[in-house]
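In case you want the letters, here they are:
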There are 2 protein chains.
Amino acid sequence: MNYYSTEISNLIEQLSRLPGIGGKSAQRLAFHIIDMPMEQVEQLAGTIQSARKNVKYCKSCYTLTDKEICPICMSANRDHSTIMVVEDTRDLAAYERTGRFDGVYHVLHGALDPAMGKGPEDIKLKELLVRLQTENVEELIIATNSDVPGEATAMYISKLVKPSGIKVSRIASGVPIGGELECIDEVTLLRALEGRVYL
Amino acid sequence: MNYYSTEISNLIEQLSRLPGIGGKSAQRLAFHIIDMPMEQVEQLAGTIQSARKNVKYCKSCYTLTDKEICPICMSANRDHSTIMVVEDTRDLAAYERTGRFDGVYHVLHGALDPAMGKGPEDIKLKELLVRLQTENVEELIIATNSDVPGEATAMYISKLVKPSGIKVSRIASGVPIGGELECIDEVTLLRALEGRVYL
C-alpha cells in the first residue's frame, strides 16, 4: 500500500538510496524538501546536477576539482617536491584544515584491498609512479588510513618507490590527542608505545 | 580556505542545510553524488523538483498528496464517519502501515505550542471544524503525539468538539510493546497504570 502519493514515495525512495540515509531520514528529508521555498529547491537540484557535471579529476594530483589543474597543484606557494599520498579528497581536505602541510598531494581514490578485489590497477598508483619519474620529488609521505587496506597500500607503495632513492615516510600511528587510553584499542596502544618519542 | 573546488563546496553547503545532515554526512553525500552515474543524478534532481512542484494539500484531509483529493479520502472502502486527527502526514503513514484503521484522517500540520508561538490559527483546526459541520462524522479519534504540544492540542480539540455531540477519543498512552519497564519514564508508567485494562 502506498501511504504517500507517488511523487512523495519517489522522492523518499531516491533519497533512501543515498549512503547513510535510512528510511526514516529519507522521509524527514522528503517532507522538508516539499516544505522548502521553491527557489531553494531549484537551487539544490541545480547544484547537484552542476557538481556532478563539472567536477573531474585534477590532471596532476587526481583530487576532485572543477578546474583542469586544482588550486593546490597550481600554487607557487606549495612545495612541489613533497607529495602526500591520500586515499581520497576528504583526506586531503582533512590535512588542508590543519594548515600546516605546504607540499602537494596525490589522491589514490581507494586503497589496495584484495579481499574486495581492489588491486594496484584500481587506484591511481600508475599515475603516482609517472609523477615520481617526471617531477622533481624528494619526499613521499604516505597518509593512507590506518586500517588493513591503508597499511597494505602504504607497504606496497613504500617497497615500490624506495629503490628509486626518493625518501618515503608514513604518518605516525598512536593515541589521538584528547583520546582516553582506556577507550583505545590494543593495537593502537602498542603502536603508540613503539613509536614513543624521547623528551 | 576552500579545500574543495567551488562546485563541491556549494554542494556540501546546500546538503548540510538539510535537517539531520551534519558537515561530515554532507561531505560523504556530496562525494557519493559526484560518483553516481549521470542519469541517476539527473533523476534525483528531477524528482526533488517535481515533488516540490506537484505535492500539495488534499482539499479534504490536508495530507500531502499530488492529487486534488488524496486516495484515502476518495476511497469508498473507508469509513468516512470516523476521522483520526494526526499532526502530520508521517503520522498518517504510521497508522496506515498498521493496516487496521479504516476511517479517514485529518492532518493538522503541527500542534498547539504557545511557547513556540503556535496557536490554533497556525494549524489546520478551522478546516477540521468545517469538516465536522459539513460531513457526517460520528467519531473523532485524536492521535496527536504524546508530548506536551500534542496533549495540549488533544485537550483543546476535545473541549471544542464534545459539545456538538460527536464522540471524541484519544489513542492510549502506555508502555510500548516490547518495551522494558526499567527503561520507561515515570510519566508513561503512571499512564499505563491509570489506563490498565481488566482481564
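To keep things clear, this report deals only with the structure shown in the data block. (Residues numbered from 1 in each chain as written. Chains lettered and ligands numbered in written order. Predicted model: local features only at pLDDT ≥ 70, side-chain atom pairs only at ≥ 80, totals over all residues. Heavy atoms only, no water.)

A few words on helix α2 (residues 23-35) of chain B. Along its 13 residues, α2 of chain B runs 19 Å from first to last C-alpha, staying within 8% of the 18 Å computed at 1.5 Å per residue. Regarding α2 of chain B, the residues found buried are Ala26, Gln27, Leu29, Ala30, Phe31, Ile33 and Ile34 of chain B. Residues of α2 of chain B that are buried in the fold lie against α3 (38-54), β2 (64-65) and α5 (89-98) of chain A together with α1 (6-16) and α3 (38-54) of chain B. (Helix = DSSP H or I, 4+ residues; strand = E, 2+ residues; numbered from the N terminus. Expected span 1.5 Å × (residues − 1). Buried < 20%, exposed > 50% of the residue type's maximum accessible area, 1.4 Å probe, protein only. Contact = heavy atoms within 4.5 Å.)

What follows covers the interface of chain A and chain B. At the interface, 49 residues of chain A touch 49 residues of chain B. In total, chain A and chain B occlude about 5200 Å² of area from one another, counting both sides; carbon and sulfur atoms represent 67% of this. One salt bridge connects Lys53 of chain B with Glu42 of chain A, and the closest N-O pair in it is separated by 4.0 Å. Across the contact surface, chain A and chain B share 16 residue pairs in polar contact (both at pLDDT 80 or more). Elements with a minimum of two residues in the side of chain A that touches chain B: α1 (6-16), α2 (23-35), α3, β2 and α5 of chain A. Ranked by the residues each element gives to the side of chain A that touches chain B, the list is headed by α3 of chain A, at 15 residues. Split into classes, the residues belonging to the side of chain A that touches chain B amount to 25 nonpolar, 15 polar and nine charged. (Buried area = accessible area lost by both parts, 1.4 Å probe. Salt bridge = Lys/Arg side-chain N within 4 Å of Asp/Glu carboxyl O. Polar contact = N/O pair within 3.5 Å; in protein donor to acceptor, adjacent residues only side chain to side chain. Nonpolar A, V, L, I, M, F, W, Y, C, P; charged D, E, K, R; others polar.)

Residue and element names in this part refer to chain B. The strand order across the open sheet built from four strands is β4-β3-β5-β6, with neighbouring strands paired in parallel fashion. Two strands bound the open sheet, and with one partner strand each, they are β4 (103-107) and β6 (167-170). Going from strand to strand, the sheet's axes swing by 25 degrees on average, the running direction of each strand aside. Inspection of the sheet shows strand β5 (residues 139-142) paired to β6 by four bridges, in the parallel sense. (Pairing = 2+ DSSP bridges. Axes fitted to C-alpha atoms, helices over the stretch in contact; angles between N-to-C directions.)

Let us look at the relation of the copies chain A and chain B. For the pair chain A and chain B, the relating rotation is 180 degrees, the translation along its axis is 0.1 Å, and the fit reaches an RMSD of 0.1 Å. These values place the two chain copies in the arrangement generated by a two-fold rotation axis. Among all residues of chain A, the one whose C-alpha sits closest to the rotation axis is Ala45 of chain A, at a distance of 2.3 Å. (Least-squares fit on C-alpha atoms with pLDDT ≥ 70 in both.)

Note on soluble globular proteins: their nonpolar side chains tend to be buried together. Counting 42 residues, the largest nonpolar core has Leu15 and Ile33 of chain A together with Leu15 and Ile33 of chain B as the members making the most contacts within it. Setting aside anything within four residues of it in sequence, one finds Ile33 of chain B in contact with Leu18, Ile48 and Arg52 of chain A together with Leu11, Leu15, Val41 and Leu44 of chain B. (Core = buried A, V, L, I, M, F, W, Y, C linked by side-chain atoms within 4.5 Å.)

Turning our attention to the sheet that holds strand β4 (residues 103-107) of chain A. Residue and element names in this part refer to chain A. Overall, parallel pairing links the four strands, which are arranged β4-β3-β5-β6 in an open sheet. Two strands lie at the open edges of the sheet, namely β4 and β6 (167-170), each paired on one side alone. Pairwise comparison of adjacent strand axes, ignoring direction, gives a mean angle of 25 degrees for this sheet. On top of the sheet, α5 reaches β3 (79-86) and β4; it is set at about 160 degrees to β4, its chief contact.

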